[in-house]
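Spelled out, the chains give:
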Amino acid sequence: ILLGGFGFLIAIGTILLLMPFTTTHGGITPFTDALFTATSAVTVTGLVVVDTPSYWSFYGQLIIMILIFTGGLGIMTSATFLLIIIGQRITLSNRLLMRESLGVNQLGGLISLTLRIVFVVIAIQLVGCVVLFTSLLSEYPVTTAIWQAVFHAVSGFNNAGFVIFPNSDSLSAFQRNYLFMIPMMTLIILGTLSYSVMLDIFSYRRFNRYTLDTKLVITVTVLMIMLGTVVILIAEYANTSTFGSMPVGPKIFNAFFHSVSGRTAGFTTVDFGDMEQHSNFFLTGLMFIGGASASTAGGIKVNTFAVLMAAVLSSIGGRTYATAFGREIPQPQVYRAITVLILGIAMVFSVAFLLTISEGFPFIQILFETVSAFSTVGLSTGITDELSQMGRIIIILTMYLGRIGPL
């Protein structure tokens with residue numbers, strides 16, 4: 001049902017994006033392009049084969065935004081919320097599906113949990129929209145600033161990577177606009193955390209009172225962001241095509257932004273085709289890990305990586321069981337983490353292998369594109385719109401399976 005739910009939403013999005021009123025030129029969009037865009041939006045990836053601001057009309061962009069919002073919220077959460085609104089009874093099978101999609105163990109209280117999640121998610125995006133609007137008001141007319149703020153708040157929180165700023169490659173026009181970039185980073189980070197983690201943070205406000213899952217997610221997320229910032233800053237510091245011409249302050253800020261966004265969201269302020277190979281290779285690893293379970297981010301999940309690291313460190317320490325923060329991690333969780341890792345590696349290997357046959361790009365670019373699609377990040381070195389029809393179909397399937405993830 002979960003597989004079918006995402007598939008049905010992609011099908012509806014594809015049909016709508018085929019309509020002439022969704023394009024600026026008033027023509028019918030090629031089927032593969034519409035399918036690719038709908039899949040990228042529903043899976044909150046952000047890879048595109050046509051230029052979003054110039055190709056899609058307001059209605060096309062609105063459809064994409066709705067697909068991003070629904071896909072980021074999750075099929076079962078959205079469906080359950082609609083059933084509650086129209087007064088339908090939530091059956092046991094609905095509750096079981098909700099529990100699976102949210103990654104929780106409880107069966108009781110799922111209705112109130114669903115309502116809280118929906119309201120919190122909407123509230124965060126509304127606040128983000130207001131803050132972004134104030135930063136864009138000096139750049140655009142009021143109505144344009146409102147639409148840009150709404151779209152990018154949704155795209156940012158859901159880690160979708162879609163951008164509709166005219167005459168700008170992703171967020172390149174905002175390299176030094178801290179009033180816009182800081183709220184975007186905040187939305188991205190909040191989107192990579194699950195509702196349970198956010199609830200822990202705002203309820204207890206002390207690290208030692210958090211659950212083990214929250215401790216692992218926060219610790220690994222902070223370490224990954226810090227490590228990514230240092231590596232990207234060192235690698236791109238003298239690269240004149242990316243950070244080389246910037247003063248030191250903007251270099252550090254942009255390195256930090258790409259460490260935050262490059263791991264899960266796919267927004268950029270520079271052309272990733274101009275990045276050093278070792279930068280892209282390192283980001284490939286960060287993308288593969290992704291964000292937290294039950295969040296809008298993809299990848300094998302921070303929780304999985306944290307459990308695996310705990311198991312490795314415990315093994316090195318001579319212990320027969322995995323521990324973290326003084327707590328024992330149940331063996332089934334360790335086995336599940338290993339399973340997710342192996343399946344993820346197998347998926348990336350298979351897709352990269354197929355793309356090396358169908359496409360003629362350097363392997364590092366193919367690997368980067370593969371992991372970006374699998375982890376629903378949306379970063380690209382510029383080869384997405386040059387993929388063959390077979391390559392596009394492979395990436396579409398990769399984005400779809402990557403969004404389903406451990407489910």
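Our subject is the structure listed above.
Quantities reported herein were computed from a predicted structural model and do not represent experimental measurements.

### A few points about the pattern of salt bridges
Pairing of side chains with opposite charge becomes possible as their charged atoms draw close.
Piece 1. In total, this model carries 1 salt bridge according to the counting rule given.
Piece 2. Between D33 and R392 there is a salt bridge, with the nearest N and O atoms lying 2.6 Å from each other. With D33 in helix 2 (residues 31–42) and R392 in helix 17 (residues 389–404), this residue pair connects regions lying 359 residues apart in the sequence. Grouping residues by exposure puts D33 and R392 together as buried.

### What to know about the nonpolar core
Piece 1. Grouped together as the largest cluster of nonpolar side chains are 77 residues, with contacts concentrated most on I64, I68, I329 and I395.
Piece 2. At 8 residues, the largest contribution of residues to this core is made by helix 15 (residues 331–358).
Piece 3. Apart from the residues within four sequence positions on either side, I395 is in contact with F36, L47, L355, E369, A373 and L387.
Piece 4. Of all hydrophobic cores here, the second largest spans 39 residues; its members include C129, A153, A265 and A292.

### Notes on helix 8 (residues 142–157)
Three or four residues apart is the spacing at which side chains of an α-helix point the same way, because the helix has 3.6 residues per turn.
Piece 1. Relative to the 22 Å expected for 16 residues at 1.5 Å per residue, helix 8 spans 22 Å between its end C-alpha atoms, a close match to the ideal helical length.
Piece 2. Buried within helix 8 are the following residues: A145, W147, Q148, A149, F151, H152, A153, V154, S155, G156 and F157.
Piece 3. Of the surrounding secondary structure, the elements contacted by the buried residues of helix 8 are helix 4 (58–73), helix 7 (110–136) and helix 9 (178–192).
Piece 4. Positive backbone phi, at 55°, marks N159, one or two positions downstream of helix 8.

### Concerning helix 16 (residues 363–374)
Piece 1. When the terminal C-alpha atoms of helix 16 are compared, their 16 Å separation across 12 residues agrees well with the 16 Å that a helix rising 1.5 Å per residue should span.
Piece 2. Most of helix 16 is tucked away, with 10 of its 12 residues classed as buried.
Piece 3. For helix 16, every residue scored as buried is listed here: I364, I366, L367, F368, E369, T370, V371, S372, A373 and F374.
Piece 4. In this structure, the buried side of helix 16 is in contact with helix 13 (277–289), helix 15 and helix 17.

### Some words on the packing of aromatic side chains
Piece 1. This model, assessed by the stated rule, comprises 14 aromatic pairs.
Piece 2. Ring geometry for W147 against F151: centres 5.9 Å apart, planes inclined by 65°, an arrangement best described as edge-to-face. You can see W147 and its partner F151 sitting in helix 8, 4 residues apart, about one turn around the helix. For the pair W147 and F151, a shared accessibility class is recorded, and that class is buried.
Piece 3. Within the aromatic cluster, the residues linked to one another by ring pairs are F21, F58, Y59, W147 and F151.
Piece 4. Just above the ring of Y237 sits the side chain of K251; from NZ or CZ to the centre is 3.6 Å.

### Regarding a nonpolar patch on the surface
Piece 1. The grouping of I15, M19, F21, F58 and Y59 at the surface amounts to a nonpolar patch, some 510 Å² of accessible area in total.
Piece 2. On the basis of relative accessibility, which here comes to 43%, the residue F58 falls in the partly exposed class.

About the thresholds
- The residue count restarts for each chain, going from 1 along the sequence in the order it is written.
- Whole-chain, interface and lining totals are the exception, using all residues; otherwise, since this is a predicted model, local features are given only for residues with pLDDT of at least 70 and side-chain atom pairs are given and counted only at 80 or more.
- In computing side-chain values, all of the structure's heavy atoms are included and hydrogens and water are not.
- Any carboxyl oxygen of Asp or Glu that lies within 4 Å of a side-chain nitrogen of Lys or Arg is treated as forming a salt bridge with it.
- Helix numbering and strand numbering both begin at the N terminus, where a helix is a DSSP run of H or I of at least 4 residues and a strand a DSSP run of E of at least 2.
- Here's how the labels work: a residue is buried when its accessible area is under 20% of the maximum for its type, exposed when over 50%, partly exposed in between, all with a 1.4 Å probe on protein chains only.
- In this text, buried Ala, Val, Leu, Ile, Met, Phe, Trp, Tyr and Cys residues form a nonpolar core when linked through side-chain atoms within 4.5 Å.
- Contacts between residues were defined by any pair of non-hydrogen atoms, one from each residue, lying within 4.5 Å.
- A helix is expected to span 1.5 Å multiplied by its residue count minus one.
- When the centres of two rings from Phe, Tyr and Trp lie within 6.5 Å, Trp using its six-membered ring, the rings pair. Their planes under 30 degrees apart give stacked, over 60 give edge-to-face, and anything left gives tilted.
- Here, a charge over a ring is recorded when the distance from Lys NZ or Arg CZ to the ring centre is within 6 Å and its angle to the ring normal is within 35 degrees.
- Without a salt bridge and with relative accessible area above 30%, a residue can belong to a patch; like charges are then joined within 9 Å and nonpolar side chains (Val, Leu, Ile, Met, Phe, Trp, Tyr) within 5 Å.
- Every accessible area reported is derived by Shrake-Rupley at a probe size of 1.4 Å, with residue values counting cover from the shown protein chains alone.

Any link to function would need more than the numbers given here.
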